[in-house]
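# Notes for the structure review
Okay, here's what each chain looks like letter by letter:
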Amino acid sequence: MAFLEIIDVQKHFGDIEVLRGLNMQAEEHQVVCLIGPSGCGKSTLLRCINQLENIQAGEIRLEGDRVSGPGVDVNRLRQQVGIVFQSFNLFPHMSVLENVTLAPIRVLKLSKVEAEEKAMALLRRIGMDIKAMDYPDRLSGGQQQRVAIVRALAMAPKLLLLDEITSALDPELVSEVLNIVRDLAGQGMTMMLATHEMGFAREVASKVCFLHEGVVHEEGTPAKIFGDPDKQRTRSFLKRIMEAGRL
Amino acid sequence: MACRSDLFLNLKPAADLPTPATRHGAAALLFAALCLMAAVSSMSLIRGAVAELGAASPMFAIAQIVVVAVVALLFWPVWKSLAFSRKSETARASGDAVETRIANAAARDFAHITFGWGVFALLVLGFFTFIFMNDSAVGKTFVLLPLMQEKWWLVTWKFFTVNIFVFVIAEILVLGWGLAVALMRLMPGAAGQPIRALATFYCDVFRGLPGIVTLYLIGFGIPTSGIPDIVSPYVYGLFVDISAMSPQELRTATRIPVMWWCILALTLTYGAYVAEVYRAGIESIHWSQVAAARSLGLSYMQTMRHVVVPQAVRRIMAPLLNDFIGLQKDTALVQIVGLTDAFQQSKIIAANAFNLSAVTIVAILFVLITIPQARFVDRLLERDAARIRAGGA
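Here is a short report on the structure shown in this document.

Analysis parameters
Residues numbered from 1 in each chain as written. Chains lettered and ligands numbered in written order. Predicted model: local features only at pLDDT ≥ 70, side-chain atom pairs only at ≥ 80, totals over all residues. Pairing = 2+ DSSP bridges. Helix = DSSP H or I, 4+ residues; strand = E, 2+ residues; numbered from the N terminus. Axes fitted to C-alpha atoms, helices over the stretch in contact; angles between N-to-C directions. Buried ≥ 20, exposed ≤ 12 C-beta atoms within 10 Å, placed from the backbone. Right-handed = clockwise from strand over helix to strand, strands pointing away. Core = buried A, V, L, I, M, F, W, Y, C linked by C-beta atoms within 7 Å. Expected span 1.5 Å × (residues − 1). Contact = placed C-beta atoms within 7 Å. Parallel < 35°, antiparallel > 145°, perpendicular 65-115°, else oblique. Left-handed = near helix turned anticlockwise from the far one by under 90°. Nonpolar A, V, L, I, M, F, W, Y, C, P; charged D, E, K, R; others polar.

Attention shifts here to the sheet that holds strand β7 (residues 159-163) of chain A. All names here are of chain A. Read across the open sheet, the 6 strands follow the order β6-β7-β8-β3-β9-β10; overall the sheet is mixed. With partners counted over all chains shown, the strands left at the sheet margins are β6 (81-84) and β10 (215-220), one partner each. Averaged over all neighbouring strand pairs, the angle between strand axes comes to 20 degrees, with direction disregarded. Pairing geometry for strand β9 (residues 207-212) and β10, over 5 bridges, is antiparallel. Looking at β10, one finds that C209 is bridged to E219.

Residues and elements named next belong to chain A. The buried fraction of β7 is high, at 5 of 5 residues. Of the two faces of β7, both are covered, the one formed by L159, L161 and D163 as well as the one formed by L160 and L162. Here β6 runs beside β7; their pairing, made up of 4 bridges, is parallel. Opposite V84, over in β7, you have L162 as the bridge partner. One ladder, built from 5 bridges, connects β7 with strand β8 (residues 190-194); its direction is parallel. Residue D163 lies in a different strand from β8, and its bridge partner there is A194. Between β7 and its parallel partner β8, the chain crosses via helix α6 (residues 171-186), and the hand of that crossover is right-handed.

With that out of the way, let us pick up the nonpolar core. Counting residues in each nonpolar core, the largest one holds 125 residues, and the members touching the most others are C33, L34, L161 and M192 of chain A together with C262 and Y278 of chain B. At 14 residues, the largest contribution of residues to this core is made by helix α11 (residues 258-284) of chain B. If you look at the next biggest cluster of nonpolar residues, it comprises 20 residues, including A21, L74, F84 and F110 of chain B.

On to helix α8 (residues 211-225) of chain B, then. Residue and element names in this part refer to chain B. Across its 15 residues, α8 extends 20 Å between first and last C-alpha, which sits within 8% of the 21 Å expected from 1.5 Å per residue. Within the sequence span of α8, burial applies to G211, T214, L215, I218 and G219. Check the buried side of α8 and you find it contacts α7 (189-208), α11 and α13 (300-330). Once α8 finishes, G226 follows within two positions and takes phi at roughly 80 degrees, a positive value.

All names here are of chain B. Contact geometry of helix α12 (residues 287-295) with α13 gives a least axis separation of 10 Å together with a crossing angle of 135 degrees. Considered as vectors, α12 and α13 are oriented oblique to each other. Judged by the twist between their axes, the crossing of α12 over α13 is right-handed. Residues Q289, V290, A293 and R294 of α12 touch α13, and the partners they reach there are T303, V307 and V308. Considered class by class, the residues forming the contact of α12 with α13 number 4 nonpolar, 2 polar and 1 charged.

Right under this line is the structure:
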């Protein structure tokens, strides 16, 4: 039994089929990188895992428990599976500290003091403790995204989903966010990330999955996928990435 | 493409010179003279009317001269306009195209300034002339100062406080009730369906009903139904020993003043409007904010309470104030069920004095209370603008 099992998952929006019987597995402490062209279903897959989208067929299991379909306590699932979005989505009417402590106080029922202590410790680790009282509009995109990661981490999730978290950032801000992900990978956090940063995927991934037309077209170690992929479609995708100078 | 080249063809070549602005200057001169004549004649009319009122004084003679002098200032831009016209003509004669155009444009601008301020002066003079015409008939009817002075405190402190009490309580209730209705209208899922339908029905009914009809129906209907007489003794009995009271005493002690029925009617009417405002505000919050909150494990209601509604409330400040000003003004309707408010009292004074000045007091009061509210909301919006500007989406 794998930590996360995705079994024959189908998802469509109206007539548009996004996931067409997708299968995938992830073990604990693994970093799984999802790569593939736009519209191949990377983001949708992540959003299905923590039930921001419902799937139409198939099954998703976390530690052996079915976490898709009816009867699942989504609020409990989402405490265990955190997600960070491309567009940060910080709460603009709350300070950095309030953003981070909201869910621990309201969902985990921590006391305010305890939640703030934990939040400050996390913020200190990413060097954002001095910005704790600032509102999101005072922060750069990179800083906002770092806070968004900490906000997800404050719930101590078992699995962290990262949905193209550097795509909305200016190039010089990308590394400060990736450094945090690298640290988390080093600490054994189980993560699944959709990304266009191929160099980074190659470096941190335990497993790379190339998604194409709603299925995992090819998967393997980074060395295998980036070095010597079997499938023609994978090769042409990576070739184009390389031509764009992104690998 | 054809259109576009036509457009270019129509552009005048660079060396083309503008038509002289002399005519503008001449028209401005005529207009300024007209304004001055109007000022002189209307001020002498006003002076006559004021003398008739027995209020003539040297101060007024000075004021008359000042007003005429101020209107005469219109000749300054006229003079500037004519000067620039001359300058433009000189430049045209010497073949300096650029200087011609600059001076010509300035001549036009000054002529237009004359027209702008001239129209302003005419309207203001016209207004005061209207008030003082026919032996100050309008002035005496609407702003009879001695009567206003005499009744100001009565209308303000004794009766406008009724309006203030009604709208303050109603506004507090509306804030909560409107939000509750909005949340009911947005209730998700199949279980929410009947609640949504009810809330929609409520909004349709009370937004469609004229406020004065609602007031009339509730203000007379509910007390007449006798239901308050059945219910309120029980509630009253929870706090006070009523066993020794005669039915008459009990009835007097537990009668609900008509003011509260007015407050209920206005709350129901404006609750429907404000619910729609809340709903628009809630729906304007980008779904990604909900996704972020839900993905942290917050429930639907927690997401509403901590993430969506606080942001929505900041956005609806201005339309909310609109509805509140509407509510405040509609407190002038409570007299329909026999509650004496400032408007009703001022009508009584007006009927006794054959003069509307007391009603003018009420008019002034209603305007006066809205202005600080508008400024207050402006300040709030300014303060929040910085926080809301970025960070989300």
